[in-house]
Amino acid sequence: VQLQASGGGLVQAGGSLRLSCAASGRTASSYNMGWFRQAPGKEREFVAAISWRGSGTYYPDSVKGRFTISRDTAKNTVYLQMNSLKPDDTAVYYCAASNKGFNSRLAISDRYDYWGQGTLVTVSS
């Protein structure tokens, strides 16, 4: 499975961005998907996860109510809609694919088997 993240950029605080993660590979649609982010000098942080059918989602409290993860199975693409962005959301955002079960443990990066290259999101104050 290969993952290609895109959609990052510069946005003012309070603004919105939508990230995309295009997955390729014969079995890509059968993977649970997640988004993580990493700010300079900080550890990688879980942002959102979605089940392979799209019926389940999971968020940490830091983004709940502001970020929405979704997927278009026909296009093998996962999206992260980010609203009400804050300067603290500035980071490189990574998408990842997991063949493990869909549960809260998908908040752990080690549960993922494939990673995209990352896309930079910068939120100015």
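Structure first, text after, so check above.
An account of the accompanying structure is given in this report.

What counts, and where the lines are drawn
Residues numbered from 1 in each chain as written. Predicted model: local features only at pLDDT ≥ 70, side-chain atom pairs only at ≥ 80, totals over all residues. Heavy atoms only, no water. Helix = DSSP H or I, 4+ residues; strand = E, 2+ residues; numbered from the N terminus. Salt bridge = Lys/Arg side-chain N within 4 Å of Asp/Glu carboxyl O. Buried < 20%, exposed > 50% of the residue type's maximum accessible area, 1.4 Å probe, protein only. Pairing = 2+ DSSP bridges. Axes fitted to C-alpha atoms, helices over the stretch in contact; angles between N-to-C directions. Core = buried A, V, L, I, M, F, W, Y, C linked by side-chain atoms within 4.5 Å. Lys, Arg positive; Asp, Glu negative; His and termini not counted. Contact = heavy atoms within 4.5 Å. Phe/Tyr/Trp six-rings, centres within 6.5 Å; stacked < 30°, edge-to-face > 60°. Lys NZ or Arg CZ within 6 Å of the ring centre and 35° of its normal.

1. Quick look at unusual backbone geometry
Inference 1: Positive phi, normally seen in glycine, also occurs at N76, with a value near 55 degrees.
Inference 2: For N76, the location among the structural elements is in the loop between β7 (67-72) and β8 (77-82).
Inference 3: The phi dihedral of S84 is positive, around 50 degrees, even though this residue is not glycine.
Inference 4: Summarising the element assignment, S84 is placed in the loop between β8 and β9 (91-98).

2. A few points about the pattern of salt bridges
Inference 1: Per the stated rule, a full pass over the model turns up 5 salt bridges.
Inference 2: Between D89 and R66 there is a salt bridge whose closest N-O contact spans 2.8 Å. Placement of the pair is D89 in the loop between β8 and β9 and R66 in the loop between β6 (57-58) and β7, with a sequence separation of 23 residues.
Inference 3: Since its relative accessible area comes to 1%, D89 is described here as buried.
Inference 4: Each of R37, E45, R66 and D89 takes part in salt bridges that share partners, so that together they form one network.

3. Description of the sheet that holds strand β1 (residues 2-6)
Inference 1: Taken together, 4 strands build an open sheet; the order of strands is β1-β3-β8-β7 and the sheet is antiparallel. Only two strands of the sheet have a single neighbouring strand rather than two, namely β1 and β7. Across the sheet, the axes of successive neighbouring strands diverge by a mean angle of 15 degrees, strand direction being ignored.

4. Focus on the nonpolar core
Inference 1: In terms of nonpolar packing, the biggest core is built from 29 residues, with W35, L80, M82 and Y93 touching the most fellow members.
Inference 2: Broken down by secondary-structure element, the contributors of at least two residues to this core are β1, β3 (17-24), β4 (32-38), β5 (45-50), β7, β8, β9 and β11 (119-124).

5. A closer look at the side chain of R111
Inference 1: Structurally, R111 can be placed in the loop between β9 and β10 (114-115).
Inference 2: In this structure R111 is buried but unpaired, with D113 as the nearest side chain of opposite charge at 8.4 Å.
Inference 3: Setting aside its immediate chain neighbours within four residues, R111 contacts S98, K100, R105 and L106.

6. As for the side chain of S20
Inference 1: In this structure, S20 sits in strand β3.
Inference 2: Among residues more than four places away in sequence, those in contact with S20 are Q4, A5, S6, W35, T77, V78 and Y79.

7. With respect to the packing of aromatic side chains
Inference 1: Counted by the stated rule, this structure contains 6 aromatic pairs.
Inference 2: Seen in terms of ring centroids, Y31 and Y114 are 5.8 Å apart; in terms of plane orientation they differ by 75 degrees. Their pairing is edge-to-face. Note that Y31 is positioned in the loop between β3 and β4 and Y114 in strand β10, a separation of 83 residues in sequence.
Inference 3: On the basis of relative accessibility, which here comes to 10%, the residue Y31 falls in the buried class.
Inference 4: Here the aromatic residues F36, F46, Y58, Y112 and W115 are joined through ring pairs into a cluster of three or more.
Inference 5: In this structure, R44 is placed above the aromatic ring of Y94, and the distance from its NZ or CZ to the ring centre is 4.2 Å.
Inference 6: When the ring centre of W115 is taken as origin, the NZ or CZ atom of R44, which lies over that ring, is 4.6 Å away.

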